[in-house]
Amino acid sequence: MEQNEMSEEKTCPKTYLASLSPTLFWDIDRSKLDAEQSKRLIIERVFTRGSLDDLRATIAWYSKEQAGEVLTKLNYPDPKTLNLASIILDIPKEKFKYYTTTPSKERHWKS
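Residues numbered from 1 in each chain as written. Predicted model: local features only at pLDDT ≥ 70, side-chain atom pairs only at ≥ 80, totals over all residues. Heavy atoms only, no water.

1. Remarks on the pattern of salt bridges
- For the coordinates displayed, the defined rule picks out two salt bridges.
- In this structure, Asp27 engages Arg45 in a salt bridge whose closest nitrogen and oxygen atoms are separated by 2.8 Å. With Asp27 in the loop between α2 (13–19) and α3 (39–49) and Arg45 in helix α3, the pair connects residues that are 18 residues apart, well separated along the chain.
- The class for Asp27 is partly exposed, based on a relative accessible area of 38%.
- Relative accessible area serves as the criterion here: at 12%, Arg45 is assigned to the buried category.
- One salt bridge connects Arg56 with Asp53, and the closest N-O pair in it is separated by 3.1 Å. Here Arg56 and its partner Asp53 are both found in helix α4 (residues 52–62), three residues apart, which amounts to about one turn of the helix. (Salt bridge = Lys/Arg side-chain N within 4 Å of Asp/Glu carboxyl O. Helix = DSSP H or I, 4+ residues; strand = E, 2+ residues; numbered from the N terminus. Buried < 20%, exposed > 50% of the residue type's maximum accessible area, 1.4 Å probe, protein only.)

The structure is reproduced here in structure tokens:
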């Protein structure tokens, strides 16, 4: 992404939101998404289901720090998302709430 594209995205939330893959928000009306009010939802969906272009656009829009702040507080990211966020955002896994509070792996019923 060129510098002009990044600065243009930063000034226009609609441009940023329109650049994200449509499949990320299949279940909601994208026209009603607000980049600030829906920050947690957007960042979570991009890191769990987004493409590399979605990740780049999201980090350019919010910053690594803001993305890290949201993701480290999630209770339930899957292990792939946790690893991806840890690597891309350069945050040790131990800083993620999910990593330190993972539920017991013991099953209640045997299959």
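2. Regarding the packing of α3 against α4
- In the contact formed by α3 and α4, the axes pass within 9 Å of each other and the chain directions differ by 150°. One element, α3, and the other, α4, form an angle in the roughly antiparallel class. α4 is crossed by α3, and the crossing has left-handed handedness. Listed contacts from α4 to Lys39, Ile42, Ile43, Val46 and Phe47 of α3 are Asp54, Leu55, Thr58, Ile59 and Tyr62. (Axes fitted to C-alpha atoms, helices over the stretch in contact; angles between N-to-C directions. Parallel < 35°, antiparallel > 145°, perpendicular 65-115°, else oblique. Left-handed = near helix turned anticlockwise from the far one by under 90°. Contact = heavy atoms within 4.5 Å.)

3. Concerning the packing of aromatic side chains
- Following the criterion strictly, the structure yields three aromatic pairs and no others.
- Measuring from ring centre to ring centre gives 5.8 Å for Tyr16 and Tyr62, while their planes differ by 90°; the resulting arrangement is edge-to-face. In this pair, Tyr16 is assigned in helix α2 and Tyr62 in helix α4, connecting sequence segments 46 residues apart. Residues Tyr16 and Tyr62 agree in their burial class; the two are buried.
- Judged by centre distance (6.5 Å) and plane angle (90°), the rings of Trp61 and Tyr62 are edge-to-face.
- With relative accessibility at 2%, the residue Tyr62 sits in the buried group.
- Following the ring pairs from residue to residue traces out a cluster consisting of Tyr16, Trp61 and Tyr62. (Phe/Tyr/Trp six-rings, centres within 6.5 Å; stacked < 30°, edge-to-face > 60°.)

4. Quick look at the nonpolar core
- Within the largest apolar cluster, 26 residues are counted, with the highest numbers of intra-cluster contacts made by Tyr16, Leu20, Ile42, Phe47, Leu71 and Leu89.
- For this core, the secondary-structure elements that each account for two or more residues are α2, α3, α4, α5 (64–71) and α6 (79–89). (Core = buried A, V, L, I, M, F, W, Y, C linked by side-chain atoms within 4.5 Å.)

5. Brief notes about the environment of Leu82
- Along the chain, the position of Leu82 falls in helix α6.
- The class of Leu82 is buried, set by a relative accessible area of 6%.
- For Leu82 and Phe47, which are 35 residues apart along the polypeptide, the C-alpha to C-alpha distance reads 8.9 Å.

6. Concerning the environment of Thr48
- Secondary-structure assignment places Thr48 in helix α3.
- Here the alpha-carbon distance between Thr48 and Thr81, two residues 33 residues apart in the chain, equals 5.5 Å.
- Once residues within four sequence positions are removed from consideration, Thr48 is found in contact with Asp78 and Thr81.
- Polar contacts involving the side chain of Thr48 include one to the main-chain carbonyl oxygen of Glu44, which spans 2.9 Å. (Polar contact = N/O pair within 3.5 Å; in protein donor to acceptor, adjacent residues only side chain to side chain.)

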